[in-house]
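Close look at the chain arrangement
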Amino acid sequence: MSTKPIVVGIDGTPASDRALEWALDEAVVRKCPLHVVHAWTFEALANWTETTEQQVRAESAAVLEKAVRKASEQRQDLPEIVRMSLRGDAAATLEKTSEGAAMLVVASHTGRRVRQIVLGSTSMHVVRHAHAPIVVIPVNDHELAESTR
């Protein structure tokens, strides 16, 4: 049994759901805790909506709860699961959260090629900067087709 957790980043997409499922299985095999991370940002002047920081935080908690519930439904064995709703850029948040982890699991980027080149991606950032081994779950053919539309 390891005390080092597996950290998985989620964002509510089908690709991140698959990353969470993979991480759940791996945490059971390794008998270690699983930290499920959802990063969120809130800039009052930049968002131009009537959304408050508390609403964004609550939405993040809901994304975590929904993803964990869905991934856990059909499983008999579950690791200790820690839900982490953290304010900050996803890439930087996952990089920091990977400190002391057994591994970091993320889904690969499903955005258009231009967006990947211009803005970068969370998975590309953590592959370069994380403090633990990385597992990147690839997009499937359906997600790839959707992202090119």
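In this report, the structure presented in the accompanying data block is examined. (Residues numbered from 1 in each chain as written. Predicted model: local features only at pLDDT ≥ 70, side-chain atom pairs only at ≥ 80, totals over all residues. Heavy atoms only, no water.)

Notes on the environment of Ile134
Residue position: Ile134 is located in strand E5 (residues 134-137). Of the residues examined, Ile134 reaches a relative accessible area of 27% and is grouped as partly exposed. Expressed as a C-alpha distance, the spacing of Ile134 and Ala102, which sit 32 residues apart in the sequence, is 9.3 Å. Ignoring any residue separated from it by four or fewer positions in sequence, one finds Ile134 in contact with Leu104, Val126 and Val127. (Helix = DSSP H or I, 4+ residues; strand = E, 2+ residues; numbered from the N terminus. Buried < 20%, exposed > 50% of the residue type's maximum accessible area, 1.4 Å probe, protein only. Contact = heavy atoms within 4.5 Å.)

As for helix H1 (residues 14-30)
For H1, with 17 residues, the first-to-last C-alpha span of 24 Å sits near the 24 Å given by 1.5 Å per residue. Within H1 the residues assigned to the buried category are Ala15, Ser16, Asp17, Ala19, Leu20, Ala23, Leu24, Glu26 and Ala27. Downstream of H1 by a residue or two, Lys31 has a phi angle that is positive, lying close to 55°. (Expected span 1.5 Å × (residues − 1).)

Examining the packing of H1 against helix H3 (residues 53-72)
One way to put it is that H1 packs onto H3 with a least axis distance of 10 Å and a crossing angle of 55°. It follows from the interaxial angle that H1 and H3 lie oblique. Like other packed secondary-structure pairs, H1 and H3 cross with a definite hand, here right-handed. Counting all contacts with H1, which are made through Asp17, Leu20, Glu21 and Leu24, the residues of H3 involved are Ala67, Val68, Lys70, Ala71 and Ser72. The class makeup of the residues in the contact of H1 with H3 is 5 nonpolar, 1 polar and 3 charged. (Axes fitted to C-alpha atoms, helices over the stretch in contact; angles between N-to-C directions. Parallel < 35°, antiparallel > 145°, perpendicular 65-115°, else oblique. Left-handed = near helix turned anticlockwise from the far one by under 90°. Nonpolar A, V, L, I, M, F, W, Y, C, P; charged D, E, K, R; others polar.)

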